[in-house]
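Close look at the chain arrangement
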Amino acid sequence: MFVGHYSAAFIGKAVEPRVPFCVLFLAAQFVDVFWAIFIILGIEKASLDPGLSSNPLVLDYMPYTHSLAGTFVWAAVAFVLAHRIPVLGGAGRTAVVVAAVVASHWFLDLIVHRPDLPLDGDQTVKLGLALWNYPVPAFVAEMALLFASIIFWFRRSGAGMPARRAGRWFIVGFLILQLGFWLGPVPPVIQAVAASALFTFLLIAWAGVRIERRIIETGAAPAN
Ligand SMILES: [Zn+2]
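Residues numbered from 1 in each chain as written. Predicted model: local features only at pLDDT ≥ 70, side-chain atom pairs only at ≥ 80, totals over all residues.

1. Considerations on the overall build of the chain
Per the secondary structure count, the chain includes nine helices and four strands. Mapped in sequence order, the helices and strands of the chain form the string α-α-α-β-β-α-α-α-β-β-α-α-α. A compact globule built from 224 residues would reach a C-alpha radius of gyration of about 17 Å, and the chain, at 17 Å, matches this within 12%. Projected onto the principal axes, the alpha-carbon positions of the chain cover approximately 50 × 35 × 25 Å. Of all 224 residues assigned to the chain, the portion counted as buried reaches 42%. A separation threshold of at least 6 residues defines the contact pool for the chain, and within that pool the share at least 24 residues apart is 64%. (Helix = DSSP H or I, 4+ residues; strand = E, 2+ residues; numbered from the N terminus. Rg over C-alpha atoms; globule rule 2.2 N^0.38 Å. Buried ≥ 20, exposed ≤ 12 C-beta atoms within 10 Å, placed from the backbone. Contact = placed C-beta atoms within 7 Å.)

And the structure:
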């Protein structure tokens, strides 16, 4: 899953507006940020098969970032970071929201991944409902999740027009990214996929900073 992961970030923002968008966006892709780093370093393994539907990813070995057990460890790390570092959310409920957004990643991946998600370090059981094998429904599902969560956020935000306008920008931007992920050219090596994924995650977090600033400047603070 790609842009569908950000639905967890928007739900988190609706529930706890004090957590900045950029933190929630990075939380939604926290394990994929480390997946990209681990692929570049050779700690986890993947390859490319251009014949596959939706995307060419063959995710052979990713016990650290994409096992169910690993997910809860990453969520715990995120909880501690958010709890300790005020700018990442702060103590109490905000840290719980950041951790929940991190944990959502595995469950959202479960919908689309071909069976490549291990339960723990043991590679014998791997799960995935394989919606990626049906590119149009997979695309629609990700966009629908995102769209619904953005509407939920701006209804809950109370920020009115600035949030509505920001929501439109988010939808257009994510739509372009998801189309690129689906229909874009297949990179020559998996490390190129990882590097471009890492760049994209940081770019989206940066866009979160800019758009949040804009919402505040146009007169309605996103926080309650
Ligand atoms: Zn993932």
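2. As for the packing of helix 2 (residues 21-28) against helix 9 (residues 190-217)
Two elements in contact, helix 2 and helix 9, have axes whose closest approach is 7 Å; the angle formed by their N-to-C orientations is 155°. On the basis of their axis angle, the class for helix 2 and helix 9 is roughly antiparallel. In this structure, the crossing between helix 2 and helix 9 has a hand that is right-handed. Between helix 2 and helix 9, the contacting residues are Phe-21, Cys-22, Phe-25 and Leu-26 on the first element and Phe-201, Ile-204, Ala-205, Gly-208, Val-209, Ile-211 and Glu-212 on the second. Along the lines of polarity and charge, the residues of the contact of helix 2 with helix 9 split into nine nonpolar, one polar and one charged. (Axes fitted to C-alpha atoms, helices over the stretch in contact; angles between N-to-C directions. Parallel < 35°, antiparallel > 145°, perpendicular 65-115°, else oblique. Left-handed = near helix turned anticlockwise from the far one by under 90°. Nonpolar A, V, L, I, M, F, W, Y, C, P; charged D, E, K, R; others polar.)

3. Some points on the confidence of the model for the chain
In the predicted model, the chain carries a mean pLDDT of 91, and 96% of its residues have values of at least 70. Predicted confidence in the chain is weakest over helix 8 (residues 161-183), with a mean pLDDT of 85, and strongest over helix 3 (residues 30-41), with 97. Considering only residues more than four positions removed or in separate chains, one finds that residues 220-224, a stretch of pLDDT under 50, has 15 contacts. (pLDDT = per-residue confidence, 0-100.)

4. Observations concerning the environment of Phe-21
By the secondary structure assignment, Phe-21 is in helix 2. Once you skip the residues sitting within four places of it in the chain, Phe-21 turns out to touch Lys-13, Gly-208, Ile-211 and Glu-212.

5. Details of helix 1 (residues 6-15)
The buried count for helix 1 comes to eight of ten residues, which makes it a mostly enclosed element. By the burial criterion, the buried members of helix 1 are Tyr-6, Ser-7, Ala-8, Ala-9, Phe-10, Ile-11, Gly-12 and Lys-13. If you follow the buried residues of helix 1, they end up packed against helix 2, helix 6 (93-112), helix 7 (135-157) and helix 8.

6. A few points about the packing of helix 7 against helix 8
Running from N to C, helix 7 and helix 8 cross one another at 165°; their axes reach a closest spacing of 10 Å. Viewed along their axes, helix 7 and helix 8 adopt a mutual orientation that is roughly antiparallel. Crossing of helix 7 over helix 8 shows right-handed handedness. Contact residues: Pro-135, Phe-139, Glu-142, Met-143, Leu-146, Phe-147, Ile-150, Phe-154 and Ser-157 in helix 7; Ala-163, Arg-164, Gly-167, Phe-170, Ile-171, Phe-174, Leu-175, Gln-178 and Trp-182 in helix 8. Residues of the contact of helix 7 with helix 8, tallied by class, amount to 13 nonpolar, three polar and two charged.

7. Here we look at the environment of Ala-46
With respect to the secondary-structure elements, Ala-46 resides in strand 1 (residues 45-48). You can call Ala-46 partly exposed: it has 19 C-beta atoms within 10 Å. Taking C-alpha positions, Ala-46 is 6.7 Å from Ile-190, a pair spaced 144 residues apart along the chain. Setting aside anything within four residues of it in sequence, one finds Ala-46 in contact with Ile-39, Leu-57, Val-58, Leu-59, Asp-60 and Ile-190.

8. Quick look at helix 8
Its 23 residues give helix 8 an end-to-end C-alpha distance of 33 Å, which sits within 8% of 33 Å, the value for a rise of 1.5 Å per residue. Regarding helix 8, the residues found buried are Pro-162, Ala-163, Ala-166, Gly-167, Phe-170 and Phe-174. Each element contacted by the buried residues of helix 8 is listed here: helix 1, helix 7 and helix 9. (Expected span 1.5 Å × (residues − 1).)

9. Topic: the nonpolar core
Core analysis: the biggest nonpolar cluster contains 61 residues, and Phe-25, Ala-27, Val-98 and Val-102 have the highest contact counts within it. The leading source of residues in this core is helix 6, at nine residues. Excluding its chain neighbours within four sequence positions, the residues that come into contact with Ala-27 are Ala-9, Ala-78, Val-98, Val-101 and Val-102. (Core = buried A, V, L, I, M, F, W, Y, C linked by C-beta atoms within 7 Å.)

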